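Observations on the model geometry
Residues per chain, in single letters:
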Amino acid sequence: MSTENRLNDIKKYEVVVKRLEDRGVILEDIAQIALDLQIKYLPNLTFEFCLEHVKKVVMKREVQNAILTGLELDILAEKGLLSEPLSTMLLSDYGLYGIDEVLALAIVNVYGSIGFTNFGYVDKTKPGIIGKLDKEGKAKDRCNTFLDDIVGAIAAAAASSIAHRFA
Ligand code: MG
């Protein structure tokens, strides 16, 4: 088994993609952000190429584990199954909680320092679906505390993967 295969989990990939879809995010939304991040450096970059790299990122076991963990916490918070003080922090997307970003860094981490820069940028500018998730998460019965950072991190990781390809 190659190193690449050991780091990937094809079975869990389907579960993760479905879980993201259930939360309102398709991989195409993430590919669009990755494209917007890299098009200024790579004018010939295509949407399909970005989507391919998003899929590559989501194939990684470490990335899948971060996604599954974060989404589970968002869902449990919505269902009122978490105890205090965590429950209120997640439901209100409390700014000083910070663990949503820390978990997302596990995704970005796979692609080195360009990934961190890209993640910081999308976290600040909230492009595309991230802005939508951020707004949607403000509703009382909805928790996107982890999801928005996870989506930003996958986009940042994909953008970095693309950048490494052309380096
Ligand atoms: Mg967040």
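Before reading further, recall that the structure is shown in the block above.
If you're wondering where the values come from, they're calculated on a predicted model, not measured in any experiment.

**Some thoughts on the packing of aromatic side chains**
Counting across every chain of the model gives 2 aromatic pairs. Plain terms: the ring middles of Tyr-97 and Phe-146 are 6.1 Å apart, the flat faces sit at 85° to each other, and that makes the pair edge-to-face. You can see Tyr-97 sitting in the loop between helix H6 (86–91) and helix H7 (99–108) and its partner Phe-146 sitting in the loop between helix H9 (129–136) and helix H10 (147–166), a full 49 residues away along the chain. For the pair Tyr-97 and Phe-146, a shared accessibility class is recorded, and that class is buried.

**Describing the coordination of the magnesium ion**
Around the magnesium ion, the donor atoms from the protein are Asp-100 (OD), Thr-145 (O), Asp-148 (OD) and Asp-149 (OD), and they sit 2.1 to 2.7 Å away. Mapping the donors of the magnesium ion onto the primary sequence yields the spacing D-x44-T-x2-D-D. Of this pair, Asp-100 sits in helix H7 while Asp-148 sits in helix H10; the two residues are 48 residues apart in sequence, bridging distant segments of the chain. Given a relative accessible area of 3%, Asp-100 falls into the buried group. You can call Asp-148 buried: its relative accessible area is 7%.

**Comments concerning empty space enclosed by the protein**
Under the criterion given, the structure shown has 1 cavity of 30 Å³ or more. Approximately 50 Å³ is the volume attributed to the largest cavity. Around the largest cavity, the lining residues are Phe-119, Val-122, Asp-123, Lys-126, Ile-130, Asp-148, Asp-149 and Gly-152. Of all elements in the fold, only helix H8 (113–125) and H10 reach the threshold of two or more residues within the lining of the largest cavity.

**As for the pattern of salt bridges**
Taken as a whole and judged by the stated rule, the model has 9 salt bridges. Between Asp-22 and Lys-18 there is a salt bridge, with the nearest N and O atoms lying 3.0 Å from each other. Here Asp-22 pairs with Lys-18, and both are found in helix H2 (residues 10–22), just 4 residues apart, close to one helical turn. A salt bridge links Glu-78 to Arg-142; the nearest nitrogen and oxygen atoms lie 3.6 Å apart. On the criterion of sequence distance, the pair formed by Glu-78 in helix H5 (residues 61–78) and Arg-142 in the loop between H9 and H10 is long-range, its members being 64 residues apart. Classification of Glu-78 as partly exposed rests on a relative accessible area of 26%. Put simply, Arg-23, Glu-78, Glu-136 and Arg-142 are held in one network by salt bridges that share partners.

Basis of the calculations
Residues numbered from 1 in each chain as written. Predicted model: local features only at pLDDT ≥ 70, side-chain atom pairs only at ≥ 80, totals over all residues. Heavy atoms only, no water. Phe/Tyr/Trp six-rings, centres within 6.5 Å; stacked < 30°, edge-to-face > 60°. Helix = DSSP H or I, 4+ residues; strand = E, 2+ residues; numbered from the N terminus. Buried < 20%, exposed > 50% of the residue type's maximum accessible area, 1.4 Å probe, protein only. Donors = N, O, S within 2.8 Å, 3.2 Å for Na, K, Ca; no water. 1 Å grid on protein atoms, 1.4 Å probe; cavity = no way out; pocket = protein on both sides within 12 Å on 5 of 7 lines; lining within 4 Å. Points joined across faces, edges and corners; volume = space filled by probe spheres on them. Salt bridge = Lys/Arg side-chain N within 4 Å of Asp/Glu carboxyl O.

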